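Geometric and topological summary
Residue strings, one per chain:
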Amino acid sequence: MFNKYIKLVIAAGILVWSVFQFVDENIMNGISLILLAGIFVLFYFKNEFILLAFLQLRKQNFAGASKWLSYIKNPSSALIKKQEGYYNFLQGIMVSQTNLTQAEKFFKKALSLGLNMKHDIAMAKLQLAGIAMSKRRKREATTLVNEAKKLDSQGVLTEQIKMLKQQLKKI
């Protein structure tokens, strides 16, 4: 895995090479090299290991997702800010199966770094509400559930929100 800046340097080098190909009148080579440079720029904004971890998570393969995430050794130098948020989000999902305290730290760090989509923010807040509820922090859990409900504009998490509210009434 390359550092995030090395990816941009490689893309710039390939782009310069494509300009030389255009000058030599090798048009198809130049176009192909521009597309290759585009792949490196894409991987600057969307990390390949996070994409593969999301694919494994879609298949409910937590071991495979954690394997792909383990390839990212130093997230702060290898990822841009939003990707680091998603890295912590995925780590929180993985760790929430075993260690709730550590999962809470991952979810809070993911929210502080930022997530792109509203339903991802709602999911992280819902997970934090579940953790707060299990630790008997009812006030914090209710505020997180209400924030998650506001963010869930598509209604994807309504069933989970209703279930958490019912469990909060029992506390």
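The name given to the protein in an unreviewed UniProt entry is DUF2892 domain-containing protein, and the organism recorded there is Lutibacter aestuarii.

Attention now goes to a nonpolar patch on the surface. There is a patch of nonpolar side chains on the surface, built from Leu15, Phe22, Ile27, Met28, Ile31, Ile34 and Leu35 and spanning about 640 Å² of accessible area. Only helix H1 (4-23) and helix H2 (27-45) provide two or more residues apiece to the nonpolar patch. With 5 residues, the single largest contributor to the nonpolar patch is H2. For isoleucine 31, the location among the structural elements is in helix H2.

Okay, the nonpolar core next. If you look at the biggest cluster of nonpolar residues, it comprises 37 residues, and the most contacted ones within it are Phe89 and Phe107. When residues in this core are grouped by element, the largest group, 8 residues, is from helix H8 (residues 118-134). In this structure, phenylalanine 89 is in contact with Phe107, Ala110, Leu115, Asp120, Met123 and Ala124, ignoring residues within four places of it in sequence. If you look at the next biggest cluster of nonpolar residues, it comprises 5 residues, including Ala11, Ile14, Leu33 and Ala37.

Per the UniProt entry, the sites bearing "transmembrane region" (unreviewed entry) are residues 31-55 in this numbering. End C-alpha to end C-alpha, residues 31-55 measures 30 Å, and it is 92% helix and 0% strand.

Thresholds applied
- Residues numbered from 1 in each chain as written.
- Predicted model: local features only at pLDDT ≥ 70, side-chain atom pairs only at ≥ 80, totals over all residues.
- Heavy atoms only, no water.
- Patch = residues over 30% accessible without salt bridge, like charges linked within 9 Å, V, L, I, M, F, W, Y side chains within 5 Å.
- Areas by Shrake-Rupley, 256 points an atom, 1.4 Å probe, with all protein chains shown as cover.
- Salt bridge = Lys/Arg side-chain N within 4 Å of Asp/Glu carboxyl O.
- Helix = DSSP H or I, 4+ residues; strand = E, 2+ residues; numbered from the N terminus.
- Core = buried A, V, L, I, M, F, W, Y, C linked by side-chain atoms within 4.5 Å.
- Buried < 20%, exposed > 50% of the residue type's maximum accessible area, 1.4 Å probe, protein only.
- Contact = heavy atoms within 4.5 Å.
- UniProt positions renumbered as here; feature names shortened; annotations may be inferred.

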